[in-house]
Amino acid sequence: MALLDIRDLDLSIARGSELLPVVQGVSLTVEEDETLGIVGESGCGKSLTALAIMGLLEGSAVRIAGGSMHFQGRDLLALSPGERRRMMGDQMAMIFQEPMTSLNPVYRVGDQIMEAIIQHRGMSRKRARERALDLLDLVRIPDPMRRIDSFPHQMSGGQRQRVMIAMALACDPKLLIADEPTTALDVTVQKDVLELMLGLQRRTGMSIVLISHDLGVIAETCDKVAVMYRGRIVEQASISELLSNMSHPYTLGLLGSIPAPDHDVEWLDAIPGRVPTLDEAVPGCAFHPRCFAAEGSCRTVDPVAAAISPAHFVRCHFPQGSTT
Ligand SMILES: Nc1ncnc2c1ncn2[C@@H]1O[C@H](COP(=O)(O)OP(=O)(O)OP(=O)(O)O)[C@@H](O)[C@H]1O
Ligand SMILES: [Mg+2]
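Note that this is a predicted model, so its numbers are computed, not measured.

Visitor: I'm lost on the site of ligand 1 in this one. Help?
Guide: Close to ligand 1 lie 13 residues; Ser42, Gly43, Lys46, Ser47 and Gln97 are nearest. One nitrogen or oxygen atom from the side chain of Ser42 is found 2.5 Å from an oxygen atom belonging to ligand 1. One nitrogen or oxygen atom from the side chain of Lys46 is found 2.8 Å from an oxygen atom belonging to ligand 1. Considered on its own, ligand 1 offers 640 Å² of accessible surface; in the complex 66% of this is hidden by protein. Tallying contributions element by element places helix 1 (residues 46–54) first for the shell around ligand 1, with 3 residues. By residue class, the composition of the shell around ligand 1 is 5 nonpolar, 5 polar and 3 charged.

Visitor: Could you clarify how one ought to interpret helix 8 (residues 187–204) in this entry?
Guide: Residues that lie three or four places apart on an α-helix share one face, since the helix turns once every 3.6 residues. Helix length check: helix 8, at 18 residues, gives a terminal C-alpha distance of 26 Å against a target of 26 Å (1.5 Å per residue), a fit within 8%. Inspection of helix 8 places Gln190, Val193, Leu194, Leu196, Met197, Leu198, Leu200 and Gln201 among the buried residues, and these make up the whole buried set. Downstream of helix 8 by one or two residues, Gly205 has phi in the positive range, about 75°.

Visitor: For this particular structure, what's the right way to read helix 11 (residues 249–256)?
Guide: Across the 8 residues of helix 11, 8 count as buried, placing the element largely inside the fold. If you check which residues of helix 11 are buried, you get Pro249, Tyr250, Thr251, Leu252, Gly253, Leu254, Leu255 and Gly256. Among the structural elements, strand 3 (35–39), helix 9 (215–221), strand 9 (224–229), strand 10 (232–238) and helix 10 (239–244) are those in contact with the buried residues of helix 11.

Conventions and cut-offs
Throughout this document, residue positions are counted from 1 along each chain, in the order its sequence is written. In the order they appear in the text, chains get letters beginning with A and ligands get numbers beginning with 1. For a predicted model such as this one, the threshold for reporting local features is a pLDDT of at least 70, and the threshold for listing and counting side-chain atom pairs is 80 or more; totals across whole chains, interfaces and linings nevertheless cover every residue. The basis for every side-chain value is the complete set of non-hydrogen atoms in the structure, without hydrogens or water. We call a residue near a molecule or strand as soon as one heavy atom of that residue lies within 4 Å of the molecule or strand. Residues adjacent in sequence count toward polar contacts only when both atoms are side-chain atoms; beyond that, a polar contact is any pair of N or O atoms within 3.5 Å, and within protein one must be able to donate a hydrogen and the other to accept it. Residue exposure ignores everything except the shown protein chains as possible cover, and the areas themselves are Shrake-Rupley values with a 1.4 Å probe. Helix numbers and strand numbers start at the N terminus; a helix is a DSSP run of H or I with at least 4 residues, a strand a run of E with at least 2. Think of it as three bins: nonpolar holds Ala, Val, Leu, Ile, Met, Phe, Trp, Tyr, Cys and Pro, charged holds Asp, Glu, Lys and Arg, and polar takes everything else, Gly as well. An expected span of 1.5 Å times one less than the residue number is assigned to each helix. Relative accessibility thresholds used throughout: buried, under 20% of the residue-type maximum; exposed, over 50%; partly exposed, between the two (1.4 Å probe, protein chains only). Contact definition: two residues touch when any of their heavy atoms are within 4.5 Å.

Listed below in structure tokens is the structure:
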């Protein structure tokens, strides 16, 4: 049984009396001790998918319009809000895209970590402080005894992101969802933070969903990947299968837009054009206006996901085959 099993998830956004589909037919599984990458350009539905898994869409304009989500065999959509809250932070935790908005600027970082521990583990303040010190040490914050009493603004961006990771790990989650955890950091710090997360995974055996717009980062860190375009998964495979047999023109474009000397993709430095907005209707394949391989049928018929090999799916009329 997969740790997380999502089938045909549909999300819609209420806009006036209309419901606009924003995520469509997303199916994903995450096994124990596995790292899944979700990659795609801005606005493709990565964060909304993560928020749906975490049960954090409540009170927003976004509705779950269809599909199922199971975590350790439990039907997430059947849980009460209270059960859902307990599960969040306890068994699944999330690191958000903007660390500064998730850390409260008026509280010391130690108190914020302790609060997470006390809330979910019911420890005394004294034991929670000891655990917070251990966590700060675990995420390699230098001099935890002093830093535990710092305010977020007294820390660097990389340190704040480490505090976020410490908070997420406070209750030993089975699943950690990291939404662009390093985008706000400079490149060397990015690498440190990612290595830290993977090192913690090796020690704790937790599973990770890593969301990024950078396929290079995903390829280096994940076991498998789902490529999202405009609310849909357009290609899904293990990293090794994907790198040896990249099929969707969009995936090729994502890799072509990062420096990759061993990939001879001449036709694209970046994908031309942009992701259509939610209210722009695109007939046929949603990617066809930007696609180098588009032909007649792409403009009229929306492709369905097809298996290229047992665990490699692509949603394209003209999959590209091997690039190596
Ligand atoms: N609360 C909301 N209300 C209305 N529209 C929303 C809301 N949240 C997201 N959207 C829209 O849904 C689409 C998908 O958003 P989402 O945040 O999931 O994208 P993303 O892939 O995470 O992008 P990014 O890489 O920029 O973080 C976007 O078009 C966005 O504008
Ligand atoms: Mg996002």
